[in-house]
Amino acid sequence: MTAPQQANPAASKRKLPPGALKAYIASLTGTSLEYYDFAIYSVASALVFPKVFFPGNDEFVGLLLSFSAFAVGYLARPIGGVIFGRLGDKIGRKHVLVVTLMLIGVATVLIGALPGYATLGVAAPIILVLLRLAQGIGVGGEWGGAVLLSSEFGDARRRGFWSSAAQIGPPAGNLMANGVLALLAATLSNEDFLSWGWRVAFLASALLVVFGLLIRLKLEETPVFKAIQAHGEQPKAPIKEVFTKEPRALVAAALSRVCPDVLYALFTVFVAVYATKQLGMTTGNVLGAILIGSAFQIFLIPAAGALTDRFNRRLVYGIAAVGTAVYIPLFFLMIEGKSVVMLTLGVVIGLAFHAFMYGPQAAYITEQFPARLRYAGSSLAYTLAGVIGGAVAPLIFTALYAASGNWVLIAGYLAVASTVTIIGLALGRNPQTEEEERLLQDTHA
């Protein structure tokens, strides 16, 4: 786990395949647009939905119900991983990515137009959960394809950097979402924001999805999948093969994702609750801190991915996981003084730790699987980990905080998540590019 990865000078000098930069941009913009949709739901689940869709006398009950609806999106991701992961290894990456983009976009627009509990009664939260389900299915199928889109056009020996295109999507989408919501919250009264202002952010995604579709429809299929097709190596039952032939890879890839997921939920969802309820800060203060932290991540994520192309990927990833466990208690101590500056600094540092795990995560997960099972294996690992990581994290944070009234148990929860991720890294393997190079060389021979 500590040996540096060996670079091949000849391979590093070879020209990139045509379309590599275009694929990188398409992967980045597509996932940014889709995570914009997902991110506005995440923020709204903490600040808006408890009042609009889950009203009641007990504030924490409303919050728990809202976070339960939030979790549905994560629970639905494995469904998307199975459906679209299978299709991605059988028919290709491009067509699947068009469908996932449309699925998330339509669901998000419908959420923006959905009347609240006061109008529809219990039907309102039920419909909300169903639309959240559709969002989750779309995201579950999106991630694996977006990663492969950029990495399979780029140099396999620089997969950490090329795969990071899809990883920039969540902070970029989060940046756009929080920016729009912060602007609305700053210019509207609290009553107007809760009444109709938050809906503007959801409805605006219609324009973003159209833009994303125009980019993806112009893409070609990746060179690696074309090579797999040329050799007739598409799997007949990719999901079954992943479970029967690659169980260790699946476990290693899934466990590696737990800590980044839990950490991200803390700094983009629960921190909004803690800072406003416990510290008395405004919604604008919290959204501003998340906005700045996300802006730093846009640069840190590809830098972290590139760093792991030069040094052992698992080592860099593991150091960030250990650093996370150490940092969380420091973060809560930093913000006890109720300083907006310290809150912002704390969120920026926390999301930086996340970036150094999340940046190389795509490369680490995809390189655990052979090329012919890469879409299915990566999608399953990513989505199954989300169920035990990001899906339940806001619920657990809220329950631990309600039970103890402080942050100590929350810090312990992050320490456990860090340990799980380190186990996943220990089970995994270092990059292996021989199979991919063979496919491409045979195709061009």
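Refer to the structure above for everything that follows.
The text that follows walks through the structure, step by step, so that each part is easy to find. Just so it is clear, the model here is predicted, and its values are computed rather than measured.

The subject of this paragraph is the packing of aromatic side chains. Across all of its chains, the model carries 17 aromatic pairs by this definition. Arranged with centres 5.4 Å apart and planes meeting at 15 degrees, the rings of tyrosine 24 and phenylalanine 161 form a pair that is stacked. With a gap of 137 residues between them, tyrosine 24 in helix 2 (residues 20–47) and phenylalanine 161 in helix 9 (residues 159–187) connect regions that are remote in the sequence. Between phenylalanine 332 and tryptophan 407, the aromatic rings sit 5.6 Å apart at their centres with planes inclined by 0 degrees, giving stacked as the arrangement. Taken together, the residues phenylalanine 332 in helix 17 (residues 313–334) and tryptophan 407 in the loop between helix 20 (393–404) and helix 21 (408–427) connect sequence positions 75 residues apart. Members of the aromatic cluster, joined through ring pairs, are Phe267, Phe270, Tyr274, Tyr327, Phe331, Phe332, Phe353, Phe397, Tyr401, Trp407 and Tyr413. Taking the ring centre of tyrosine 382 as reference, the NZ or CZ of arginine 257 above it sits at 3.4 Å.

It is worth spelling out the pattern of salt bridges at this point. In this structure the tally under the stated criterion is 7 salt bridges. Taking the shortest distance from any N to any O, the salt bridge between arginine 216 and glutamate 142 comes out at 2.8 Å. Here glutamate 142 lies in helix 8 (residues 123–151) and arginine 216 lies in helix 11 (residues 205–216), a separation of 74 residues in the sequence. On the accessibility criterion, glutamate 142 (0% relative accessible area) is buried. Here the salt bridges share partners, and the residues they tie into one network are Glu241, Lys245 and Arg372.

In this section: the environment of proline 260. By the element assignment, proline 260 lies in helix 15 (residues 258–277). Between the C-alpha atoms of proline 260 and leucine 414, which are 154 residues apart in sequence, the distance is 9.7 Å. Excluding residues that lie within four positions of it along the chain, proline 260 makes contacts with Tyr317, His354, Met357, Gln361 and Thr421.

Taking 1.5 Å as the rise per residue, helix 9 with 29 residues should run 42 Å; its terminal C-alpha atoms sit 43 Å apart, in good agreement. At alanine 165, helix 9 shows its largest bend, some 40 degrees.

One water molecule sets the probe size; rolling that probe over the atoms shows where empty space is left. Tallied over the full model, the rule gives 2 cavities of 30 Å³ or more. Roughly 240 Å³ of internal volume is contained in the largest cavity. If you go around the largest cavity, you meet 20 residues; those closest to its centre are Tyr35, Tyr74, Arg77, Pro170 and Tyr264. Here the element with the most residues in the lining of the largest cavity is helix 15; it accounts for 6 residues. Considering only residue class, the lining of the largest cavity consists of 13 nonpolar, 4 polar and 3 charged. Approximately 50 Å³ is the volume attributed to the second largest cavity.

Thresholds, definitions, all that
Residues numbered from 1 in each chain as written. Predicted model: local features only at pLDDT ≥ 70, side-chain atom pairs only at ≥ 80, totals over all residues. Heavy atoms only, no water. Phe/Tyr/Trp six-rings, centres within 6.5 Å; stacked < 30°, edge-to-face > 60°. Helix = DSSP H or I, 4+ residues; strand = E, 2+ residues; numbered from the N terminus. Lys NZ or Arg CZ within 6 Å of the ring centre and 35° of its normal. Salt bridge = Lys/Arg side-chain N within 4 Å of Asp/Glu carboxyl O. Buried < 20%, exposed > 50% of the residue type's maximum accessible area, 1.4 Å probe, protein only. Contact = heavy atoms within 4.5 Å. Expected span 1.5 Å × (residues − 1). Bend = angle between axes of the 7 residues up to and from the residue. 1 Å grid on protein atoms, 1.4 Å probe; cavity = no way out; pocket = protein on both sides within 12 Å on 5 of 7 lines; lining within 4 Å. Points joined across faces, edges and corners; volume = space filled by probe spheres on them. Nonpolar A, V, L, I, M, F, W, Y, C, P; charged D, E, K, R; others polar.

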